[in-house]
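Structure assessment
Chain by chain, the residues run as shown.
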Amino acid sequence: MKSCWIDSVKERNKFDALEENIKTDICIIGGGLAGLSTAYNLSKYNIRTVLLEKDEICKQTSGNSTAKITSQHGLIYKYLTDSKGKDFARKYYDANEEAIRTIKDIIDKEKIDCDFEYQPAYVFTQKVQEVEKIKDEVQAVNNFGGNSKLIEAKDIEINKLNSADYVENKGAKLKISGDNIEKENLDLERDTVKERMKQVLPIKAIAGIKFENQAQFNPYKYGNAIAKICSDSGIKIFEHSKVVDVDTEDDDEYYVVTLENGCKVKAKYIVITTKYPIVNIPGFYFVKMYQSTSYGIAMQTREQLFKGMYISSEEPTISLRTAKFGDENLLIVVGFDHKTGAPIDLSNAYKYLEEVAKSLCPEGKIKYHWNTEDCITLDKIPYIGNFSSMWDNAYVATGFNKWGITTSIIAAKIITDKILRKKNEYEEIFKATRLEPIKNIKEVTNMVKESVNSLVVKKLEVPQEEANQIQNGEGKIVEVNGQKIGIYKDDEGKIYKVNPVCKHLGCELSWNNLDKTWDCPCHGSRYDYKGNLIYGPSVKNLDK
């Protein structure tokens with residue numbers, strides 16, 4: 001599965017893997033928009049800079065986002081005003097508004113073709129009890145000088161698209177498609193989706209908050225263009241170069257970044273933009289964040305269905321926008337988010353989103369399915385700046401809370417200013433070494449759990465009677481002679497065995513029955529059914 005953004009770029013700039021030891025001034029770890037934007041800023045100065053990406057540029061979170069360029073991050077400003085004060089909320093708003101302008105300036109200056117267009121942004125509600133929250137948010141934004149407007153139901157464009165006949169037609173079978181192949185689903189699967197759909201369908205927004213002059217674009221086109229500009233400017237970019245360790249030399253003058261293939265990069269400065277930091281200590285970000293998985297679909301429509309970008313204020317969250325895709329029009333629906341690794345049935349995640357799309361455009365054709373992960377901070381504010389008070393010249397950008405397009409631009413500016421020893425007016429807002437967040441005991445109960453099985457590699461043997469109890473296409477954890485084994489049986493009955501213990505900090509994994517992956521409920525690492533790493537912060541594959 002791939003997002004519409006990634007599929008839109010048929011020929012991209014490719015970069016070699018690092019295969020020798022090198023020395024540089026700055027080493028950026030992570031090739032998403034945060035890392036690339038930092039490299040772009042640094043390219044204007046005569047500073048040797050290396051960027052390392054474990055996979056391909058913008059292939060993970062950046063290339064799988066909703067790609068909304070906005071300062072409207074849900075109903076954030078009432079919360080910030082109450083918890084941090086009006087001045088803090090205003091600076092958070094100003095930083096993100098400035099990021100919108102920065103992206104537009106870069107696109108104009110570099111002549112980047114990435115389908116950028118201005119659009120208003122809306123947070124809407126379908127529940128009467130949520131209307132006061134919408135009004136409070138409008139008041140909070142306007143009180144500090146921001147620009148927001150309370151919108152009534154008659155002015156919310158998506159209300160005009162509801163297909164009541166489709167929503168009420170319980171006898172109709174849901175059609176889904178992937179890779180342009182359609183198939184029918186069982187009615188009982190539809191009934192499962194229907195239970196959740198009762199909460200959101202038909203979409204009937206009764207109030208909303210509107211931000212003008214927000215924007216949207218294709219993040220994969222933009223990111224690949226920035227990568228080429230950086231490379232042409234002398235930045236050394238390496239793909240398929242996974243970092244597995246970062247350490248300091250004895251004199252602490254240089255950092256030593258070690259890759260999976262054994263190659264090393266020596267750098268005076270390091271910038272960690274790997275979504276979730278791959279370094280545990282110092283920093284301790286694993287007790288301050290968790291990861292959330294979201295799902296997305298794109299539907300081909302005959303025309304652009306509506307103007308604007310929308311997201312619901314209540315759960316289950318629904319995010320809506322449109323996009324141009326060559327000569328085609330797309331409706332993009334994102335949602336069904338949950339804490340990564342949560343032991344829940346995910347088999348209907350895409351069907352849930354397809355129901356939303358079909359209710360807005362019954363004749364549309366589903367073309368894309370994808371999912372992604374985001375880091376969520378416990379205080380709802382990203383961590384940007386010094387990685388730790390124990391490490392000089394080490395910087396981090398993480399915890400973007402699903403709003404990484406503008407936040408990556410903010411991060412790049414703050415980190416660049418720090419490297420250049422310039423004061424940044426927003427650095428205290430996002431200070432990465434802040435101590436205010438209180439450890440959420442519920443969230444971190446198992447975050448540092450150790451497991452003997454994660455330290456001792458054993459040959460995993462599964463008795464035949466245990467294997468026989470697992471259906472084809474099913475995965476589960478079984479216990480054999482006191483040892484837990486993760487088993488997946490494919491559609492042909494072949495058994496795959498892993499040690500179901502995360503290689504990050506030893507948490508027990510859970511089986512994701514939608515993507516056929518082993519997911520960590522503590523920090524969000526994900527592995528395929530063979531045990532190969534997909535998402536960090538882990539840097540190692542599972543024991544098999």
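A short tour of the structure in this document, coming up. (Residues numbered from 1 in each chain as written. Predicted model: local features only at pLDDT ≥ 70, side-chain atom pairs only at ≥ 80, totals over all residues. Heavy atoms only, no water.)

Observations regarding the overall build of the chain
Across its full length, the chain carries 13 helices and 26 strands. Within the span of the chain, comprising 544 residues, buried residues form 60% of the whole. Excluding contacts between residues fewer than 6 apart, the proportion of contacts in the chain whose partners are at least 24 apart in sequence is 72%. In the structure as shown, the chain presents an accessible area of about 23400 Å², 46% of it carried by carbon and sulfur atoms. (Helix = DSSP H or I, 4+ residues; strand = E, 2+ residues; numbered from the N terminus. Buried < 20%, exposed > 50% of the residue type's maximum accessible area, 1.4 Å probe, protein only. Contact = heavy atoms within 4.5 Å. Areas by Shrake-Rupley, 256 points an atom, 1.4 Å probe, with all protein chains shown as cover.)

Section: the sheet that holds strand S24 (residues 517-519)
If you walk across this open sheet you meet the 4 strands as S23-S24-S25-S26, and the pairing is antiparallel. This sheet does not close on itself; its edge strands, each paired only once, are strand S23 (510-512) and strand S26 (533-535). Between one strand axis and the next, the sheet turns by 35° as a mean value, whatever way the strands run. (Pairing = 2+ DSSP bridges. Axes fitted to C-alpha atoms, helices over the stretch in contact; angles between N-to-C directions.)

Some details on the pairing of strand S16 (residues 328-339)
On a regular strand, each side chain points to the face opposite its neighbour's, so the side chains alternate between the two faces of the sheet. With 9 of 12 residues buried, S16 lies mostly within the body of the structure. The sheet contact formed by strand S13 (residues 289-301) and S16 spans 9 bridges and is antiparallel. In the sheet register, Gln300 faces S16, and the bridge partner there is Leu330. Taken together, the 8 bridges between strand S15 (residues 318-325) and S16 define a ladder with antiparallel strand orientation. The residue of S16 that forms the bridge with Phe325 is Glu328. Hairpin geometry of S15 and S16 is characterised by an intervening segment of 2 residues between the two adjacent antiparallel strands and by a positive phi of about 65° at Gly326.

A closer look at the packing of helix H3 (residues 77-84) against helix H5 (residues 131-143)
In the contact formed by H3 and H5, the axes pass within 8 Å of each other and the chain directions differ by 65°. Of the two elements, H3 crosses H5, and the hand of that crossing is left-handed. Listed contacts from H5 to Tyr77, Lys78 and Thr81 of H3 are Asp136, Glu137, Ala140 and Val141. (Left-handed = near helix turned anticlockwise from the far one by under 90°.)

Some remarks on H5
Relative to the 18 Å expected for 13 residues at 1.5 Å per residue, H5 spans 18 Å between its end C-alpha atoms, a close match to the ideal helical length. Listed in full, the buried residues belonging to H5 are Val131, Ile134, Glu137, Val138, Ala140 and Val141. As for H5, its buried residues are in contact with H3, helix H4 (86-110), strand S4 (117-125), strand S5 (149-152) and strand S8 (207-216). Positioned one or two residues after H5, Gly145 has a phi angle of 100°, which is positive. (Expected span 1.5 Å × (residues − 1).)

A word on the nonpolar core
In this structure, Tyr77, Phe217, Tyr222 and Phe430 are the most contacted members of the largest nonpolar core, which totals 80 residues. Sort the elements by how many residues they give to this core and H4 lands first, with 10 residues. Setting aside its immediate chain neighbours within four residues, Tyr222 contacts Leu33, Ile103, Ile106, Ile107, Ile112, Cys114, Phe217 and Ile409. Core analysis: the next-biggest nonpolar cluster, separate from the first, contains 32 residues, Ile22, Tyr276, Tyr285 and Ala432 among them. (Core = buried A, V, L, I, M, F, W, Y, C linked by side-chain atoms within 4.5 Å.)

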